[in-house]
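# Overview (structure and organization)
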Amino acid sequence: MNTLTSDLLSSIADPQLRLGISEYIDLWRSGLKKQANSSIRKTMQYFDTLDENTRRVFEDNLCKSIENSKTDRRLPYEISVRLERSLKQSADNNEMPRSRWYCMLFCTGSQMIREIYRKHPDDYPIAEMYFSSLLSDLDFGAHHFPEGCCISEDHYHECVSECEQLFSIHSFADALRSEFSYYKALYTAYYSWDRNCDFSEFCKLHGIGFTAVPAYYYTE
């Protein structure tokens, strides 16, 4: 997997751990996935016997590599399950940047990310992840427009309020701001639409680009 790189290997001080990770990478790249998974399982069992400092250095270097590369963030299960447990403990203790890494790799949904953001509101990467998660909620909610909304109106207003508060603190990229403005306009149109005309045409009249996804209904 792309998350395990040669740069990461060079940062591993323990020879046996380095050899085990290297073997996994070679097997995986050769398409021998069963053998690779068996190899990493044994390597991580050895990892569990190492002292806490050695384990944390490996975890920190791995997270830094993932954060800097911004590419494939998938990890082998044997590494992922241990890393999630370790980073969750760090996040519970408000440790940075490990709280950010936990958010980056394992938080799913705006509610989980919000909890960490509330503890670290000045950390821009966490703020950006939280903002993006709110946009994902809005995107999900609008997925079946105009047949219905997949999130509650209260949650929509909560997302808008949170996004606007984030705007007042952080300078996000124009693309993110534009996406938020689009969803805010789209939802405003949806909640003001009286159902007496085609919603796509209604949006067009208000300068909002929208094409409804066809809905199909089946009866027995």
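Here, every reference points to the structure presented above.
All values derive from a computational prediction rather than experimental measurement. (Residues numbered from 1 in each chain as written. Predicted model: local features only at pLDDT ≥ 70, side-chain atom pairs only at ≥ 80, totals over all residues. Heavy atoms only, no water.)

In the structure shown here, the tally under the stated rule is twelve salt bridges. Glutamate 67 serves as the salt-bridge partner of arginine 100, at 3.2 Å between the closest nitrogen and oxygen. One end of the pair, arginine 100, is in helix α6 (residues 98–106); the other, glutamate 67, is in helix α4 (residues 52–69), and 33 residues separate them in sequence. Taken as a pair, arginine 100 and glutamate 67 share a single burial class, namely buried. Where arginine 118 meets glutamate 162, a salt bridge forms, and the shortest distance between an N and an O atom there is 3.0 Å. Linking arginine 118 in helix α7 (residues 110–119) with glutamate 162 in helix α9 (residues 153–169), this pair joins segments that are 44 residues apart in sequence. Residue class for glutamate 162 comes out buried when judged on its relative accessible area of 10%. Ionic contacts of the salt-bridge type, sharing partners, join the residues Arg41, Asp48, Glu78 and Arg82 into one network. (Salt bridge = Lys/Arg side-chain N within 4 Å of Asp/Glu carboxyl O. Helix = DSSP H or I, 4+ residues; strand = E, 2+ residues; numbered from the N terminus. Buried < 20%, exposed > 50% of the residue type's maximum accessible area, 1.4 Å probe, protein only.)

Take α9 next. If you check α9, its first and last C-alpha atoms are 25 Å apart, about what 17 residues at 1.5 Å a residue would give, namely 24 Å. Those residues of α9 that fall on the buried side of the exposure criterion are His155, Tyr156, Cys159, Val160, Glu162, Cys163, Leu166 and Phe167. Across the axial projection of α9, the buried residues extend over an arc of 165 degrees, all falling on one side. Looking at α9, the residues exposed on the side facing more than 90 degrees away from the buried face are Asp154 and Ser168. Check the buried side of α9 and you find it contacts α7, α8 (124–141) and α10 (174–192). (Expected span 1.5 Å × (residues − 1). Arc of directions from axis to C-beta. Contact = heavy atoms within 4.5 Å.)

This part takes up the side chain of serine 86. Take serine 86: it is sitting in helix α5 (residues 77–92). Other than its neighbours up to four places away in sequence, serine 86 contacts Glu59 and Arg98.

In helix packing, the relevant descriptors are the interaxial angle and the interaxial distance, both defined with respect to the helix axes. One way to put it is that α9 packs onto α10 with a least axis distance of 11 Å and a crossing angle of 150 degrees. By the angle class used here, α9 and α10 are roughly antiparallel. α10 is crossed by α9, and the crossing has left-handed handedness. Here Glu153, Tyr156, Val160, Cys163, Glu164 and Phe167 of α9 come into contact with α10, specifically with Arg177, Phe180, Lys184, Tyr187, Thr188 and Tyr191. For the contact of α9 with α10, the class distribution of residues is seven nonpolar, one polar and four charged. (Axes fitted to C-alpha atoms, helices over the stretch in contact; angles between N-to-C directions. Parallel < 35°, antiparallel > 145°, perpendicular 65-115°, else oblique. Left-handed = near helix turned anticlockwise from the far one by under 90°. Nonpolar A, V, L, I, M, F, W, Y, C, P; charged D, E, K, R; others polar.)

Let's shift gears to the environment of aspartate 123. Looking at the secondary structure, you find aspartate 123 in the loop between α7 and α8. Separated by 110 residues in the primary sequence, aspartate 123 and alanine 13 place their C-alpha atoms 30 Å from one another. Not counting chain neighbours up to four residues away, the residues in contact with aspartate 123 comprise Met96 and Arg100. Polar side-chain contacts of aspartate 123 include one of 3.1 Å to the backbone nitrogen of isoleucine 126. (Polar contact = N/O pair within 3.5 Å; in protein donor to acceptor, adjacent residues only side chain to side chain.)

The analysis is restricted to geometry; functional conclusions fall outside its scope.
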